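Understanding the architecture of this molecule
So the chains spell out like this:
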Amino acid sequence: MANTSAAAPAAPGHEGSRRDFLFLATGAGLAVGAAAAAWPLISSMAPDADTIAAGAPIEVDLSPIQDGQIVNVFWRGKLIFVRKLTAKEVGDMQAVPLSAMIDPAAFPTRVKSGHDQWLVVYGNCTHLGCVPIGHQGNFEGWACPCHGSQFDAVGRVRHGPAPINLPIPPYAFETDTKIRIGEGGKEAA
Amino acid sequence: MSGTASTYVPKSRVAKWFEARLPIVGLMHSSFVAFPVPRNLNYFWTFGAILIAFLGIQIVTGVWLAMHYEPSATGAFNSVEKIMRDVNYGWLLRYAHANGASMFFVAVYLHMFRNLYYGSYKAPREVLYILGVVIYLLMMATAFLGYTLPWGQMSFWGATVITNILAAIPVVGDTIQTLLWGGYSVGNPTVNRFFSLHYLLPWMIAGVVVLHVWALHVTGQNNPVGIPIKSGKDAVPFTPYATIKDVFAVCVFMILFSWFLFYQPNYLGHADNYIQANPAVTPAHIVPEWYFLPFYAILRAVPSKLGGVILMFSAVIILAFAPWLDTSRIRSCNYRPLYRQFFWVFVGATLLLGWLGSQPPEGGYVLAAQVCTAYYFAHFLIVMPLCGLFETPKKLPGSILESVTGPGKQVSGSGMPAGAAAAPTTKG
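Residues numbered from 1 in each chain as written. Chains lettered and ligands numbered in written order. Predicted model: local features only at pLDDT ≥ 70, side-chain atom pairs only at ≥ 80, totals over all residues.

A tally of regular secondary structure across chain A gives four helices and 10 strands. Along chain A, helices (α) and strands (β) appear in the sequence α-α-α-β-β-β-α-β-β-β-β-β-β-β when read from the amino end. Considering chain A as a whole, with its 189 residues, one finds that 28% of them fall into the buried category. Nonlocal contacts in chain A, meaning residues at least 24 apart in sequence, comprise 46% of its contacts between residues at least 6 apart. (Helix = DSSP H or I, 4+ residues; strand = E, 2+ residues; numbered from the N terminus. Buried ≥ 20, exposed ≤ 12 C-beta atoms within 10 Å, placed from the backbone. Contact = placed C-beta atoms within 7 Å.)

Below, the discussion takes up the overall build of chain B. If you tally the helices and strands in chain B, you get 17 helices and two strands. At 24 Å, chain B has a C-alpha radius of gyration in line with the 22 Å of a compact globule built from 428 residues. Its C-alpha atoms put chain B at 70 × 60 × 45 Å along the principal axes. Burial analysis of chain B (428 residues in total) assigns 40% to the buried set. (Rg over C-alpha atoms; globule rule 2.2 N^0.38 Å.)

How big an interface is tends to be reported as the loss of accessible area on association of its parts. With 26 residues of chain B at the contact, the number on the chain A side is 23 residues. Where the side of chain B that touches chain A is concerned, the elements lending two or more residues are helix 7 (153–167), helix 8 (173–181) and helix 9 (188–219) of chain B. Tallied by class, the residues present in the side of chain B that touches chain A amount to 13 nonpolar, nine polar and four charged. (Nonpolar A, V, L, I, M, F, W, Y, C, P; charged D, E, K, R; others polar.)

We now examine the nonpolar core. Val120 and Cys130 of chain A together with Ile50, Phe104, Ala107, Ile298 and Leu353 of chain B are the most contacted members of the largest nonpolar core, which totals 108 residues. Among residues more than four places away in sequence, those in contact with Leu353 of chain B are Pro294, Ala297, Ile298, Ala369, Cys372, Thr373 and Tyr376 of chain B. Core analysis: the second largest hydrophobic core is formed by 12 residues, Ile229, Val236, Phe238 and Leu401 of chain B among them. (Core = buried A, V, L, I, M, F, W, Y, C linked by C-beta atoms within 7 Å.)

Moving on: the packing of helix 11 (residues 293–301) of chain B against helix 15 (residues 363–390) of chain B. All names here are of chain B. Running from amino to carboxyl end, helix 11 crosses helix 15 at an angle of 110°, the nearest separation of the two axes being 9 Å. By the angle between their axes, helix 11 is roughly perpendicular relative to helix 15. Only Val366, Ala369, Gln370 and Thr373 of helix 15 make contact with helix 11, whose side of the interface consists of Ala297, Ile298, Arg300 and Ala301. Grouping the amino acids of the contact of helix 11 with helix 15 by side-chain chemistry returns five nonpolar, two polar and one charged. (Axes fitted to C-alpha atoms, helices over the stretch in contact; angles between N-to-C directions. Parallel < 35°, antiparallel > 145°, perpendicular 65-115°, else oblique.)

With that settled, consider the sheet that holds strand 2 (residues 70–75) of chain A. Residues and elements named next belong to chain A. Pairing is antiparallel in the open sheet, where three strands are placed in the order 2-3-4. Two strands close off the open sheet at either side, each with one partner strand: strand 2 and strand 4 (118–122). Strand after strand, the sheet turns through a mean of 25° between neighbouring axes, direction not considered. Two elements, strand 3 (residues 78–84) and strand 4, share five bridges in a ladder whose sense is antiparallel. Following the sheet pairing, Ile80 is matched in strand 4 by Tyr122. (Pairing = 2+ DSSP bridges.)

So, on to the environment of Phe18 of chain B. The topology assignment puts Phe18 of chain B in helix 1 (residues 13–21). In this structure the C-alpha to C-alpha distance between Phe18 of chain B and Ala235 of chain B, which are 217 residues apart in sequence, comes to 31 Å.

All names here are of chain A. Taken in spatial order, the three strands make up an open sheet running 1-10-9, and their pairing is antiparallel. Looking at which strands have only one partner, the edges of the open sheet turn out to be strand 1 (58–61) and strand 9 (171–175). Between one strand axis and the next, the sheet turns through 30° on average, direction left out of account.

Within a regular strand, the side chains alternate between the two sheet faces. All names here are of chain A. The two faces of strand 10 (residues 178–181) differ: Ile179 and Ile181 on one face are buried, but Lys178 and Arg180 on the other face are not. Strand direction decides the pairing type here: strand 1 and strand 10, joined by four bridges, are antiparallel. Across the sheet, residue Glu59 finds its bridge partner in strand 10, namely Arg180. Two elements, strand 9 and strand 10, share four bridges in a ladder whose sense is antiparallel. From the neighbouring strand, Thr175 faces strand 10, where its bridge partner is Lys178. Count of turn residues in the strand 9/strand 10 antiparallel hairpin: two residues.

Right, let's get into helix 15 of chain B. Residue and element names in this part refer to chain B. Here helix 15 is 28 residues long and its end C-alpha atoms lie 38 Å apart, about the 40 Å a rise of 1.5 Å per residue gives. When the local axis directions of helix 15 are compared, the greatest deviation, roughly 50°, occurs at Ala378. Where the residues of helix 15 are buried, they touch helix 11, helix 12 (305–317), helix 13 (322–325) and helix 14 (337–357). (Expected span 1.5 Å × (residues − 1). Bend = angle between axes of the 7 residues up to and from the residue.)

This part takes up the packing of helix 6 (residues 126–148) of chain B against helix 7 of chain B. All names here are of chain B. Where helix 6 contacts helix 7, the axes come no closer than 7 Å and their chain directions differ by 135°. It follows that helix 6 is oblique to helix 7 by the angle criterion. On the side of helix 6, the interface is formed by Phe144, Tyr147 and Thr148, while helix 7 contributes Ser155, Gly158, Ala159 and Ile162. Classifying every residue of the contact of helix 6 with helix 7 gives four nonpolar, three polar and no charged.

In this section: the confidence of the model for chain A. All names here are of chain A. Scored by pLDDT, chain A comes out at a mean of 86, with 89% of its residues at no less than 70. Within chain A, no element has a lower average pLDDT than helix 1 (residues 4–7), which sits at 46, and none a higher one than strand 4, at 94. Long-range and interchain partners of residues 4–10, a stretch whose pLDDT sits below 50, account for three contacts in this model, where long-range means more than four residues apart. (pLDDT = per-residue confidence, 0-100.)

Here we take up helix 4 (residues 76–85) of chain B. Residues and elements named next belong to chain B. By the burial criterion, the buried members of helix 4 are Ala76, Phe77, Ser79, Val80 and Ile83. Looking straight down helix 4, one finds that the buried residues subtend no more than 165° of arc, so they occupy a single side. Where helix 4 is buried, its residues touch helix 3 (47–66), helix 5 (90–117) and helix 9. (Arc of directions from axis to C-beta.)

To continue, consider unusual backbone geometry. Keep in mind that most residues, glycine aside, have a negative phi and that most peptide bonds are trans. Here the bond from Ala123 of chain B into Pro124 of chain B is cis, since omega is 5°, no more than 30 degrees from zero. Within the secondary structure layout, Pro124 of chain B lies in the loop between helix 5 and helix 6. Put simply, Thr239 of chain B and Pro240 of chain B share a cis peptide bond, and its omega is 10°. Position of Pro240 of chain B relative to the elements: it lies in helix 10 (residues 238–263). Within the chain, His135 of chain A stands out as a residue other than glycine whose phi angle is a positive 55°. Structurally, His135 of chain A can be placed in the loop between strand 5 (133–134) and strand 6 (142–143).

Time to look at the environment of Val60 of chain B. Structurally, Val60 of chain B is set in helix 3. For Val60 of chain B and Gly119 of chain B, which are 59 residues apart along the polypeptide, the C-alpha to C-alpha distance reads 34 Å.

We now examine the confidence of the model for chain B. The predicted coordinates ought not to be read in detail in places where the model reports low pLDDT. All names here are of chain B. Mean pLDDT over chain B: 91, with 94% of residues reaching 70 or higher. When the criterion is pLDDT under 50, residues 418–428 qualifies, and its contacts beyond four places in sequence or with other chains add up to 27 contacts. What the predictor reports for the complex is a pTM of 0.89 with an ipTM of 0.80.

Structural data, given as structure tokens:
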């Protein structure tokens, strides 16, 4: 500041604006530089190309699955339950009134039309991610051993603390006895 | 660590030459030799030294374990078993590291108890105290990351549950979760980056510990009476008095550590963690390590996911506000007859929360956890502000010396030169 005092009386506005410009430009450069340096660091923590490639769709043959059986499959490292509902379970689930649910979802939104017997849902509790145990609890579905959530036979949460139903992964029927998980339907929540 | 003027005078020519260029010997002398220590400190004031000892033990055993550990989903579990069976003294390194973490938390909880009971968090030690809360948060993050590394069932499901807790954060939660996972679930990229972060955080703890000790040496130590050092007779020099007492306390604490290490090395762990991680099966009874149990109980006491997460984090963060929530001018609970009773209820509620966190989340356990959670927060938000306004404290002694010798008596000898001890708060 000492050397500006001489010039200050002559052209204070001029000196001030030049210093202000340098100050702002340096500050802006620093902020942009810091953000530019942080970007690759954070981006590198996202799922890498190998992990994404490993998420290619998988096919599941349904023919060996018996009535009432729950089969575990993995897609993108996530557990998925494939369950063949019994005729009684289909009837019971269709009869549940929406008012009895925490996250109301009608039966047709939980299965593919024309395939009422088949349920495909992610196998991690929507509370904190534990694996609910099949054929337990009061709703013909799953009970979580960690914090006591219960799901019905089509994966709808019926007892907290889980806030939402078990999500349905994207999948489609290739034939009546084969599904393809990973594409062919939008990822429902 | 510039609390007092250094009384260090370099004698040799080499020492004088060095001190004129880097006065680190003088800094160490004023911080750990000449530093005035209140003469009435009890053994609760030795846990700082014990904690530094355990930070050292954890860093040394951890660096050596890293020479043998393999941070991958396929290799981690087997490399830990290799450390236990094949590496010379590998069992000792691993058991010392695992039990050392538990002892670290035993010591930090006693250190925090001391702080809260004797009101050490109050002015002028607020920054010192908040640095301590920061260290505690870093310790919890480090302990969580370390517990996931053996890649047993408890490691895997602990990592899953905690990362799902973070996903409950509104707006950015899912992004944070994906960046921590490095995939679509807890897996190989997760254990790899958790290892990197587990190696990083202890050095950050060490850095904040330096600031913590620096702040301590600016304000000086609190003491059981809670009144400041007023004359040299109230204090004794750090060396030999505090040095020897700290080393003795560390030795005694090592007996407890050795008992766990050599006789009950798995008592504080979970048998399920000797089963390799299996993403298709959750252990029947999943609980965190004992030192997280009170917060786990608070999480489960709330029937809403986001609400539980908010309350659990609040239970830690609220500690940082204690200096401003407590309205009393008196520091030590020994002179606060009303607040002291509430304080013991608070201690009881916290211990009970710890036990409730280990029980299944059903029926009466949940109700009891809700009652204890309510008191935990009420203690900070209601009891601390109101007690200071309505309580009549007991009469404080005139000086630290008087609290030791009784009123009116004088002692000769020991103590500090008046100039050295008089002003730990004036310089910085």
